[in-house]
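Chain by chain, the residues run as shown.
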Amino acid sequence: MGTLDFSAMQEIQKELQQKYRDIWKPLCPEHGRSSLLWMMIEAGEAADIIKKEGDAAIMDDPETRRHFIEELCDTMMYFNDLMLCYGITPEELEEIYLEKHKRNLSRW
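In this report, the structure presented in the accompanying data block is examined. Keep in mind that what you see is a predicted model, and the values were worked out from it rather than measured.

## Some details on the overall build of the protein
Part 1: Counting its secondary structure elements, the protein contains five helices and zero strands.
Part 2: Its helices and strands in sequence order give the protein the pattern α-α-α-α-α, from N to C terminus.
Part 3: By principal-axis analysis of the C-alpha atoms, the protein measures approximately 45 × 40 × 30 Å.
Part 4: Looking at the 108 residues of the protein, the share that counts as buried comes to 23%.
Part 5: Long-range pairs, those at least 24 residues apart, make up 63% of the contacts in the protein between residues at least 6 apart in sequence.
Part 6: Accessible surface for the protein amounts to roughly 8500 Å². Of this, 58% is attributable to carbon and sulfur atoms.
Part 7: The distance from the centre of the 13 positive side-chain charges to the centre of the 22 negative ones in the protein is 5 Å.

## Focus: a negative patch on the surface
Part 1: Taken together, Glu-91, Glu-92, Glu-94, Glu-95 and Glu-99 make up a surface patch of like negative charges.
Part 2: Within the element layout of this structure, Glu-91 appears in helix 5 (residues 90-105).

## With respect to the pattern of salt bridges
Part 1: Tallied over the entire structure, the rule returns one salt bridge.
Part 2: Ionic pairing is found between Lys-14 and Glu-11, a salt bridge with its closest N-O pair at 3.3 Å. One end of the pair, Lys-14, and the other, Glu-11, are both in helix 1 (residues 6-19), three residues apart, so they sit about a helical turn from each other.
Part 3: Owing to a relative accessible area of 41%, Lys-14 belongs among the partly exposed residues under this scheme.

## Section: the packing of aromatic side chains
Part 1: Counted by the stated rule, this structure contains three aromatic pairs.
Part 2: Taking 6.1 Å as the distance between ring centres and 20° as the angle between the ring planes, the aromatic pair formed by Trp-38 and Tyr-78 counts as stacked. Placement of Trp-38 in helix 2 (residues 32-53) and of Tyr-78 in helix 4 (residues 62-85) is noted, with a sequence separation of 40 residues between them.
Part 3: What makes Tyr-78 partly exposed here is its relative accessible area of 25%.

## Quick notes on the packing of helix 1 against helix 5
Part 1: Orientation of helix 1 relative to helix 5, taken along the N-to-C sense of each, is 140°, at an axis distance of 9 Å. Classified by the interaxial angle, the pair formed by helix 1 and helix 5 is oblique. Considering the relative orientation of helix 1 and helix 5, their crossing is right-handed. Each of Phe-6, Ser-7 and Gln-10 in helix 1 lies in contact with helix 5, whose residues at this interface are Pro-90, Glu-91 and Leu-93.
Part 2: Here the residues of the contact of helix 1 with helix 5 are counted per class, giving three nonpolar, two polar and one charged.

Thresholds applied
Residues numbered from 1 in each chain as written. Predicted model: local features only at pLDDT ≥ 70, side-chain atom pairs only at ≥ 80, totals over all residues. Heavy atoms only, no water. Helix = DSSP H or I, 4+ residues; strand = E, 2+ residues; numbered from the N terminus. Buried < 20%, exposed > 50% of the residue type's maximum accessible area, 1.4 Å probe, protein only. Contact = heavy atoms within 4.5 Å. Areas by Shrake-Rupley, 256 points an atom, 1.4 Å probe, with all protein chains shown as cover. Lys, Arg positive; Asp, Glu negative; His and termini not counted. Charge placed at Lys NZ, Arg CZ, Asp CG, Glu CD. Patch = residues over 30% accessible without salt bridge, like charges linked within 9 Å, V, L, I, M, F, W, Y side chains within 5 Å. Salt bridge = Lys/Arg side-chain N within 4 Å of Asp/Glu carboxyl O. Phe/Tyr/Trp six-rings, centres within 6.5 Å; stacked < 30°, edge-to-face > 60°. Axes fitted to C-alpha atoms, helices over the stretch in contact; angles between N-to-C directions. Parallel < 35°, antiparallel > 145°, perpendicular 65-115°, else oblique. Left-handed = near helix turned anticlockwise from the far one by under 90°. Nonpolar A, V, L, I, M, F, W, Y, C, P; charged D, E, K, R; others polar.

Rendered as structure tokens:
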């Protein structure tokens, strides 16, 4: 199995977008808000699993763990859609992520 980085995830999202182009709205700034809202909904579904099933189930029950990871994947898919809507490249994300990390290291 290879590495699934943001470049690969964005290619996967572009593939899905192409397949469903007649059904889905295009990935453009006008639809970025929808991608953000869907991402938040999916993150909420992951939070619901924590709330309803608990931490131990996520760690110990394979079915609960798989469901939790699936919701995290949905969240990441919409995160990548959001990046694509605004033309944010993996390289831009990496650069600013690392800058933010460096700032966070010196905060407290």
